[in-house]
Number of protein chains: 2
Amino acid sequence: MPLHPPARIGQSVDDIDTPALVIDLDAFERNIATMAALIPDGIRLRAHAKTHKSAKIAALQMAAGAIGVCCQKVSEASQLVEAGVTNVMVSNQVVGQHKLSRLAELAGKATVSVCVDDAENITALSAAVASAGTTLQVLVEIDVGSHRCGVAPGEPAVALARLIADSDALEFAGLQAYHGSAQHFRTDAERGSAIEYAVADVEKTRRLLTQAGLDCPIVAGAGTGTYSHEIASGVYNELQAGSYVFMDADYARNFDGDDEPTSAFEHALFVVSTVMSSTRPGHAVLDAGHKSVAIDSGYPNVWKREGTRYTGASDEHGVLEIDDAHNTPSLGEHIWLVPGHCDPTVNLHNWYVGVRGDKVESIWPVDARGAIY
Amino acid sequence: MPLHPPARIGQSVDDIDTPALVIDLDAFERNIATMAALIPDGIRLRAHAKTHKSAKIAALQMAAGAIGVCCQKVSEASQLVEAGVTNVMVSNQVVGQHKLSRLAELAGKATVSVCVDDAENITALSAAVASAGTTLQVLVEIDVGSHRCGVAPGEPAVALARLIADSDALEFAGLQAYHGSAQHFRTDAERGSAIEYAVADVEKTRRLLTQAGLDCPIVAGAGTGTYSHEIASGVYNELQAGSYVFMDADYARNFDGDDEPTSAFEHALFVVSTVMSSTRPGHAVLDAGHKSVAIDSGYPNVWKREGTRYTGASDEHGVLEIDDAHNTPSLGEHIWLVPGHCDPTVNLHNWYVGVRGDKVESIWPVDARGAIY
């Protein structure tokens, strides 16, 4: 039996059942417009849909100028394509026969690209695409400092690019050069320095590609923490920021170049919860634990309630500590939480409740929730 | 579009698409039988279904003697009742009109009970149940040391019991006295000492209930960490252990009374993952990050692969470090992970893949996945 949404369109926000994943539509729309305005000519935005997993939000981003979206998994891409998205890059390696076949077939339904960092994987990908009778754009992922996936910059990357270019079924599309760990370096100077190194890696690799007679149309990367540095780099031409639409508590701990807390984007995503136990002053328990709000990047912040902190999460309970015991919330009070990390929080929910002012305006499905294969 | 299951019945385990939630059916069945054999006459098992969220597993537990299951949320209970479960205790407070109405209606479809720790909540519950024309068994939750939910033992608990007994729609069923934080105290002596205090709280409250002329048929509590102490207590008669069916890595860090690692139950739940990037010796990347395996209680353990550790999780990636570089896994290798914490891991998946030996034997839905309201 499918789960019912936690609200109905037209309801007051006070009537939302909890825990619920709530979008402040005004802030969310401003975030999309702000990012669109920041993208200069010659650079494209391919917003990362692992943040939102929603075809509706992808459509709003594309209406504001994004050329498409990124996904991390083939199943995530499939869910979004089935729900209407037309242009998806799987910004990740795809390994295993089931996944490769599904990716190759998906390329018959939408414009699809993928990343590789291994020669054998290119052979398997090429065979899957040839067998499906489709074509696929392929980027070589280089490790620009995160030391997670990606081949070493320079010759190893060029060797893979040549393998791709030599395959009839595949098209070499460029370099994936995303620096994941730099996104949360707290100062702008640290983030800028990390991207400088990444740019040098890209330039070295591009020179060798040119010498090898290989075009490199796309240089892709960037997230909500570093995008301004990739824009300024002169080498990146496709940005993959995702979290900017929602702006979570962890990104809000970054500082801008002026050493002030980062301010370009507003918190637009909340988990609305209810006080379910309030048995003594200074202490209350919420109905939102870590099955409702992800805690991998810290506990959520309590939104606009002075002296109130979320200090403990179990599966289905969140503990609040309140500095002024007279200010202890009463049973049934709604508490709005700013998630520490939006992406895994969204993945815990089936529905977005869109609110404007004090009214529920929209209910959108989280189309690719749980799409982990 | 619903997500497809990651395997088909009859397939080889090597063909499972990943990340997948896999049950070793032999170990799982032994765990159910072991717990059933441990329960003495006069004590009942009401297995906690927040661990598995599955009507099929609830049915297997009840076939082995459990009288029903616990749930933490009304929606979780609803999903399981719709899928065939006949006896559910919501071992938690239920606050808010939507939830109270749904709980009251659910009591017309199955045997349902619930916990309270607040007088106003009893009034609201009573009104909802009267309006639905059903009846509900209600337990008073006392705080026996976890300092989360629950009213103070003694007179405050008796006052709530009296309110319940005075309501025409409600029936006072007993005390909920679960010590959550004691479950993971590492030594058996620490866990035993915590439960001794809980037992004293229960006894004090029961004496006052008797003086007030109130029967206390149920004393409920216990988890996989402490159940032997509640069994020995002479006061608990309903056990709520859940994790024993799967046995996660965090519970396996407990020690038994002989100071040996706890051994009654076997690891029966795994997240099977695939090496998706292997670009340098001693390092590999899995396709299972914290959207596939919960990390609130630590990283997963790598199962039966010498010198291989899971040392970092992002949304969709898990980093492996391998002590002997010659033993670095190759691209496409399946790596079996023992989750740090079963309950939130299960909640990330739509399907259980049941395996026996090297064959897939069953595919079961996670019926109440995402049932967080």
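Residues numbered from 1 in each chain as written. Chains lettered and ligands numbered in written order. Predicted model: local features only at pLDDT ≥ 70, side-chain atom pairs only at ≥ 80, totals over all residues. Heavy atoms only, no water.

Looking at the overall build of chain A
- Looking only at helices and strands, one finds 9 helices and 17 strands in chain A.
- If one aligns the C-alpha atoms of chain A with their principal axes, the spans along those axes are about 70 × 50 × 35 Å.
- The long-range share in chain A, meaning contacts at least 24 apart out of those at least 6 apart in sequence, stands at 68%.
- When the accessible area of chain A is evaluated, it comes to approximately 13000 Å², of which 49% is carbon and sulfur surface. (Helix = DSSP H or I, 4+ residues; strand = E, 2+ residues; numbered from the N terminus. Contact = heavy atoms within 4.5 Å. Areas by Shrake-Rupley, 256 points an atom, 1.4 Å probe, with all protein chains shown as cover.)

A look at the environment of R162 of chain B
Residue and element names in this part refer to chain B.
- Summarising the element assignment, R162 is placed in helix α6 (residues 155-166).
- With relative accessibility at 38%, the residue R162 sits in the partly exposed group.
- Put simply, R162 and L214 are 52 residues apart on the chain and 7.6 Å apart in space, counted from C-alpha to C-alpha.
- Sequence-distant contacts of R162, that is, excluding residues within four places in its chain, are made with A212 and L214. (Buried < 20%, exposed > 50% of the residue type's maximum accessible area, 1.4 Å probe, protein only.)

A few points about the sheet that holds strand β9 (residues 238-239) of chain A
All names here are of chain A.
- The 8 strands lie next to each other as β2-β3-β4-β5-β6-β7-β8-β9, forming a closed barrel whose pairing is parallel.
- Where strand β7 (residues 170-176) meets strand β8 (residues 218-221), 3 bridges bridge the pair, whose relative direction is parallel. By the bridge assignment for β8, L175 is matched with V219. (Pairing = 2+ DSSP bridges.)

Brief notes about the packing of aromatic side chains
- Scanning the entire structure with this criterion turns up 16 aromatic pairs over all chains.
- Three or more aromatic residues joined by ring pairs form one cluster here, namely F28, F246, Y352 and W364 of chain A. (Phe/Tyr/Trp six-rings, centres within 6.5 Å; stacked < 30°, edge-to-face > 60°.)

Some details on the relation of the copies chain B and chain A
- Superposing chain B onto chain A takes a rotation of 180 degrees plus a shift of 0.0 Å along the axis, which leaves an RMSD of 0.0 Å. The two molecules are tied by a two-fold rotation axis, judged by turn and shift.
- By residue overlap, the copies meet face to face through one surface: 100% of the interface positions of chain B are interface positions in chain A. (Least-squares fit on C-alpha atoms with pLDDT ≥ 70 in both.)

A few points about the confidence of the model for chain A
- Considering every residue of chain A, the mean pLDDT works out to 97; 100% of them sit at 70 or more.
- Confidence estimates for the predicted assembly give a pTM of 0.97 and an ipTM of 0.97. (pLDDT = per-residue confidence, 0-100.)

Brief notes about the environment of P344 of chain B
- With respect to the helices and strands, P344 of chain B occurs in helix α9 (residues 342-346).
- C-alpha separation for the pair P344 of chain B and S146 of chain B, spaced 198 residues apart in sequence, amounts to 20 Å.
- If sequence neighbours within four positions are ignored, P344 of chain B has contacts with H290, K291 and D315 of chain A together with A294 and D296 of chain B.

Describing the interface of chain B and chain A
- Taken together, the contacts link 68 residues of chain B with 68 residues of chain A.
- Summing both partners gives a buried area of about 5500 Å² for chain B against chain A, and 55% of it is carried by carbon and sulfur.
- Counting the surface chain B buries against chain A, the share from its top three residues, R148, K291 and Y373 of chain B, is 13%.
- Across the chain B-chain A interface, the total number found is 10 salt bridges.
- There are 32 residue pairs in polar contact (both at pLDDT 80 or more) connecting chain B and chain A.
- Elements that contribute at least two residues to the side of chain B that touches chain A include exactly α3 (74-82), α4 (97-106), β10 (269-280), β11 (283-286) and α9 of chain B.
- When residues of the side of chain B that touches chain A are assigned to their parent elements, the largest contribution, 6 residues, is made by β10 of chain B. (Buried area = accessible area lost by both parts, 1.4 Å probe. Salt bridge = Lys/Arg side-chain N within 4 Å of Asp/Glu carboxyl O. Polar contact = N/O pair within 3.5 Å; in protein donor to acceptor, adjacent residues only side chain to side chain.)

Quick look at the pattern of salt bridges
- Here the structure, examined in full by the defined rule, presents 44 salt bridges over all chains.
- Between R44 of chain A and E238 of chain A there is a salt bridge, and its shortest N-O distance comes to 3.2 Å. One end of the pair, R44 of chain A, is in strand β2 (residues 44-48); the other, E238 of chain A, is in strand β9, with 194 residues separating them in the sequence.
- D188 of chain A is the salt-bridge partner of R191 of chain A, the closest N and O atoms lying 3.4 Å from each other. Highlighted residues: R191 of chain A and D188 of chain A, both in helix α7 (residues 188-211), separated by 3 residues, approximately one helical turn. As far as burial versus exposure is concerned, R191 of chain A and D188 of chain A are alike and both buried.
- In the salt-bridge network here, residues are joined through shared partners; they are K50, K73 and D343 of chain A together with K291, D315 and E316 of chain B.

As for the sheet that holds strand β5 (residues 111-116) of chain B
All names here are of chain B.
- With parallel pairing, 8 strands are arranged side by side around a closed barrel as β2-β3-β4-β5-β6-β7-β8-β9.
- Taken together, the 3 bridges between strand β2 (residues 44-48) and strand β3 (residues 68-71) define a ladder with parallel strand orientation. Within β3, the position partnered with A47 by the bridge is V69.
- Strands β7 (170-176) and β8 (218-221) of the sheet are contacted by helix α7 (residues 188-211), whose axis makes an angle of about 150 degrees with β7. (Axes fitted to C-alpha atoms, helices over the stretch in contact; angles between N-to-C directions.)

Examining the pairing of strand β15 (residues 334-338) of chain B
Residue and element names in this part refer to chain B.
- Bridging between β10 and β15 involves 4 bridges; their strand directions are antiparallel. Paired with V271 across the two strands is L337, which belongs to β15.
- As paired strands, strand β12 (residues 301-302) and β15 are joined by 2 bridges and run antiparallel to one another. Following the sheet pairing, V302 is matched in β15 by L337.

Regarding α3 of chain B
Residues and elements named next belong to chain B.
- With 8 of its 9 residues buried, α3 lies for the most part within the structure.
- For α3, the secondary structure elements touched by its buried residues are α2 (55-63), β3, β4 (87-90) and α4.
- Downstream of α3 by a residue or two, G84 has a phi angle that is positive, lying close to 115 degrees.

Remarks on the packing of helix α4 (residues 97-106) of chain A against helix α5 (residues 119-132) of chain A
Residue and element names in this part refer to chain A.
- In the contact formed by α4 and α5, the axes pass within 8 Å of each other and the chain directions differ by 50 degrees. For the element pair α4 / α5, the angle class is oblique. Helix-helix and strand crossings are classified by hand; for α4 and α5 the assignment is right-handed. From α4, Q97, L100, S101, L103, A104 and E105 reach across to α5, where they touch N121, A124, L125, A128, V129 and A132.
- Class assignment for the residues of the contact of α4 with α5 results in 8 nonpolar, 3 polar and 1 charged. (Parallel < 35°, antiparallel > 145°, perpendicular 65-115°, else oblique. Left-handed = near helix turned anticlockwise from the far one by under 90°. Nonpolar A, V, L, I, M, F, W, Y, C, P; charged D, E, K, R; others polar.)

Looking at the environment of Q72 of chain B
- Relative to the elements of secondary structure, Q72 of chain B occurs in the loop between β3 and α3.
- Remark: the alpha-carbon pair of Q72 of chain B and T262 of chain B, spanning 190 residues in sequence, is separated by 26 Å.
- Setting aside its immediate chain neighbours within four residues, Q72 of chain B contacts E316 and H317 of chain A together with H48, K50, V90, S91 and N92 of chain B.
- Here the side chain of Q72 of chain B touches H48 of chain B through a polar contact of 3.2 Å, side chain to side chain.
- A polar atom in the side chain of Q72 of chain B sits 2.6 Å from the side chain of S91 of chain B.

Considering helix α2 (residues 55-63) of chain A
- Looking only at α2 of chain A, the buried set comprises A55, I57, A58 and Q61 of chain A. For α2 of chain A, the buried positions fall inside an angular range of 160 degrees around the axis, keeping them on one side. (Arc of directions from axis to C-beta.)

A closer look at the pairing of β5 of chain B
Residue and element names in this part refer to chain B.
- In terms of residue burial, β5 counts as a mostly covered element, since 5 of its 6 residues are buried.
- Sheet topology note: the β4/β5 ladder contains 4 bridges and is parallel. Across the sheet, the residue bridging to N87 is T111, located in β5.
- The handedness of the β4 to β5 crossover, carried by α4, is right-handed.
- By the bridge criterion, 4 bridges tie β5 to strand β6 (residues 136-141) in an arrangement that is parallel. Residue V116 lies in a different strand from β6, and its bridge partner there is V140.
- With helix α5 (residues 119-132) bridging β5 and its parallel neighbour β6, the resulting β-α-β unit is right-handed. (Right-handed = clockwise from strand over helix to strand, strands pointing away.)

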